[in-house]
Amino acid sequence: MRSEEEFVGRGLQFAELLRKIADQITAGNLVIRGKQITLPDVDMEFKVSHKSDLGANKLSIGIEWVDK
């Protein structure tokens, strides 16, 4: 199952979104499209990647884990 939210804005607005998400993770109340997301305390993989293809750029920030 995939839950995602999309936003359009500028760099400063993206930074504010990242801070908001970080605060929600810290408080344990991250919600994506009405679904509570619970992150484990251990064994998470963090990724930051950049892709450029014919002038189209994509920056991805991800966290991956396996439910136990």
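Residues numbered from 1 in each chain as written. Predicted model: local features only at pLDDT ≥ 70, side-chain atom pairs only at ≥ 80, totals over all residues. Heavy atoms only, no water.

- The chain is annotated in an unreviewed UniProt entry as Amphi-Trp domain-containing protein from Paenibacillus chondroitinus.

**Quick word on the pattern of salt bridges**
Here is step 1 of the chain: Applying the stated criterion across every chain, the model contains two salt bridges.
Here is step 2 of the chain: Here lysine 47 makes a salt bridge to glutamate 45, at a shortest N to O gap of 3.5 Å.
Here is step 3 of the chain: For lysine 47, a relative accessible area of 40% corresponds to the partly exposed category.
Here is step 4 of the chain: When the shortest N-O distance is used, the salt bridge between lysine 47 and glutamate 64 registers 3.3 Å. Here glutamate 64 lies in strand 4 (residues 56–64) and lysine 47 lies in strand 3 (residues 45–53), a separation of 17 residues in the sequence.
Here is step 5 of the chain: Within this structure, Glu45, Lys47 and Glu64 form a network of salt bridges that share partners. (Salt bridge = Lys/Arg side-chain N within 4 Å of Asp/Glu carboxyl O. Buried < 20%, exposed > 50% of the residue type's maximum accessible area, 1.4 Å probe, protein only. Helix = DSSP H or I, 4+ residues; strand = E, 2+ residues; numbered from the N terminus.)

**Overview of unusual backbone geometry**
Here is step 1 of the chain: The residue arginine 33 is not glycine, and still its phi comes out positive at about 50°.
Here is step 2 of the chain: Within the secondary structure, arginine 33 sits in the loop between strand 1 (30–32) and strand 2 (35–37).
Here is step 3 of the chain: The class of arginine 33 is exposed, set by a relative accessible area of 65%.
Here is step 4 of the chain: Even without being a glycine, leucine 54 presents a positive backbone phi close to 55°.
Here is step 5 of the chain: Considering the arrangement of structural elements, one finds leucine 54 in the loop between strand 3 and strand 4.
Here is step 6 of the chain: A residue is classified by how much of its surface remains accessible, and leucine 54, at 86% relative accessible area, is exposed.

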